Amino acid sequence: MFTRMALGLTTALALCLPASAETLRLSHNTGDTTTWQQGADKFAELLAAETGGEYEVRVFPNAQLSGGDQMKQAEMTGRGAIDLVLTSAINVTPLAPEMAAFSLPYLYSDYDAVDRTTAGKAGDKMEEIMAGHGIHILAWGENGFREVTNSKHPITSPEDMQGLKMRVAGPMYIDVMNDLGANPQQMQWTETFPALQQGVVDGQENPIGAVIIPQRVYEVQKYITPWHYSYDPLFLGISKAKWDGLDDETRAQFQKAADEAMAYQIEISREATAEGLEYLKEQGMEVYEPTPEDLAAFKEATQPSFDKWSEEIGADIVKLFTDEANAQ
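Residues numbered from 1 in each chain as written. Predicted model: local features only at pLDDT ≥ 70, side-chain atom pairs only at ≥ 80, totals over all residues. Heavy atoms only, no water.

## Some details on the layout of surface pockets
Size it by volume and the largest pocket reaches roughly 300 Å³. Along its surface, the largest pocket is lined by 14 residues, and Tyr 106, Leu 107, Tyr 108, Ser 109 and Lys 299 are the ones closest to its centre. It is strand β8 (residues 223-239) that contributes the most residues to the lining of the largest pocket, three residues altogether. Here the lining of the largest pocket is composed, by residue class, of seven nonpolar, five polar and two charged. In this structure, the second largest pocket encloses a volume near 190 Å³. Sorting the residues of the lining of the second largest pocket by element identifies β4 (135-150), α8 (208-212), β8 and α10 (248-282) as the ones contributing at least two each. When its residues are assigned to classes, the lining of the second largest pocket shows seven nonpolar, six polar and three charged. (1 Å grid on protein atoms, 1.4 Å probe; cavity = no way out; pocket = protein on both sides within 12 Å on 5 of 7 lines; lining within 4 Å. Points joined across faces, edges and corners; volume = space filled by probe spheres on them. Helix = DSSP H or I, 4+ residues; strand = E, 2+ residues; numbered from the N terminus. Nonpolar A, V, L, I, M, F, W, Y, C, P; charged D, E, K, R; others polar.)

## Here we look at the pairing of strand β2 (residues 55-60)
Note: strand β1 (residues 22-28) against β2, six bridges, orientation parallel. Within β2, the residue paired with Arg 25 across the bridge is Arg 58. In this view, the connection linking β1 to its parallel neighbour β2 by way of helix α2 (residues 35-50) has right-handed handedness. (Pairing = 2+ DSSP bridges. Right-handed = clockwise from strand over helix to strand, strands pointing away.)

## Concerning the side chain of Gln 215
If you trace the backbone, Gln 215 turns up in the loop between α8 and β8. At 2.5 Å, the side chain of Gln 215 forms a polar contact with the side chain of Trp 189. In contact with Gln 215, other than residues within four places in its own chain, are Thr 30, Gly 31, Thr 33, Thr 34, Trp 189 and Phe 193. (Polar contact = N/O pair within 3.5 Å; in protein donor to acceptor, adjacent residues only side chain to side chain. Contact = heavy atoms within 4.5 Å.)

## Quick notes on helix α12 (residues 303-313)
Taken together, the buried positions of α12 are Ser 305, Phe 306, Trp 309, Ser 310 and Ile 313. Looking straight down α12, one finds that the buried residues subtend no more than 135° of arc, so they occupy a single side. The inward-facing, buried residues of α12 abut α6 (171-179) and α13 (315-326). (Buried < 20%, exposed > 50% of the residue type's maximum accessible area, 1.4 Å probe, protein only. Arc of directions from axis to C-beta.)

## A look at empty space enclosed by the protein
Tallied over the full model, the rule gives one cavity of 30 Å³ or more. Trp 36, Gln 70, Asn 91, Asn 143 and Asn 206 are the residues nearest the centre of the largest cavity, which is lined by 15 residues in total. Counted by class, the lining of the largest cavity contains five nonpolar, seven polar and three charged residues.

## Section: the side chain of Gln 265
Tracing the sequence through the fold places Gln 265 in helix α10. Aside from chain neighbours lying at most four places away, what touches Gln 265 is Thr 35, Trp 36, Gly 39, Gly 141, Glu 142 and Leu 234.

## Comments concerning the packing of aromatic side chains
Per the stated rule, a full pass over the model turns up 12 aromatic pairs. Taking the centre distance of 5.1 Å and the plane angle of 80° together, the rings of Tyr 55 and Phe 254 count as edge-to-face. Residue Tyr 55 is located in strand β2, and its partner Phe 254 is located in helix α10; the two are separated by 199 residues in the primary sequence. Tyr 55 sits in the buried class, given a relative accessible area of 11%. Residues Tyr 111 and Phe 145 carry aromatic rings whose centres are separated by 5.7 Å and whose planes lie at 45° to one another, so their mutual orientation is tilted. With Tyr 111 in helix α4 (residues 111-118) and Phe 145 in strand β4, this pair connects stretches of sequence that are 34 residues apart. Members of the aromatic cluster, connected to one another through ring pairs, are Phe 102, Trp 140, Phe 235 and Phe 321. (Phe/Tyr/Trp six-rings, centres within 6.5 Å; stacked < 30°, edge-to-face > 60°.)

## Focus on the confidence of the model for the protein chain
For the protein chain, the average pLDDT comes to 92, and 94% of its residues sit at 70 or higher. Note that residues 1-17 has pLDDT below 50 and, in this model, zero contacts with residues that lie over four places away or in other chains. (pLDDT = per-residue confidence, 0-100.)

## Points about the nonpolar core
Within the largest apolar cluster, 49 residues are counted, with the highest numbers of intra-cluster contacts made by Met 99, Tyr 108, Met 161, Trp 227, Phe 235 and Phe 321. Put simply, the parts of the chain that give this core at least two residues each are α4, α5 (121-131), β4, β5 (165-168), α6, β8, α12 and α13. Per-element accounting of this core gives the leading share, five residues, to β4. Setting aside chain neighbours within four positions, we find Met 161 in contact with Val 148, Ile 155, Met 166, Met 177, Leu 180, Gly 181, Ala 182 and Trp 227. Judged by nonpolar contacts, the second largest core, of 42 residues, contains Leu 26, Leu 84, Leu 280 and Met 285. (Core = buried A, V, L, I, M, F, W, Y, C linked by side-chain atoms within 4.5 Å.)

Structural data, given as structure tokens:
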């Protein structure tokens, strides 16, 4: 009797689902406790609802689909090996150097400046560039302002960075750390926590709400300086070949799900960041909040990287970003 009832229920559920439901694979960089994962899960949930279950999204954290290589995800999405990617701008700079414009040192003063660029002509330009690499950007999300942590001593001035072994995510940050006299080591995020734990590196830099708290960096780092030196947006992108194969109605459904999911991801990331410093203090971290004079010293010290990468990115694009970031 029970078996017949179970079979009947299974059949009824099957009849409610589309016969041709398509499963899409979405890859992102970080662990499954982060706002990256929450944003990806929200997109999966919303897309299923928008399309009446015609599309199912499977989320793969920790860059599983690219063998842990977070830089490779975008390239794989561009050639259609991955359907969807949620990654940050700095992680695609080997593919598209222009995306480093978002993360130029001390470009942004606050979230309003950030939002003017992602929602403005600067964001449009980056979407055009990524389309040329086979990725259609659906919506912008947030990794956030990258703050510096380490296990050795408080960082209050550029001199305090001298000799520190610092894990970094991409080429521009190598140059920034060299400007500050640190010893940068580019490393996949999946390798970073054990490297911090074992003293292979002394410190790292990442956003508080999106990475430092959910990835429990405070367990292996003693000091944090919220120096807001660089901003890193996320984007949710789809293989352009996949996008081009969708009809207008389905595209609208994808777009609506992406817009709502990334708005949610930005909201929870900023909330977590706003509450983050107090939480980190409770966890035993020592927080040094830099003065305007401190920040001016860091900005001056990293100016060579700003200038070098401005040339790499292109003067027209940098002007577009700085004009929108500084608009009143």
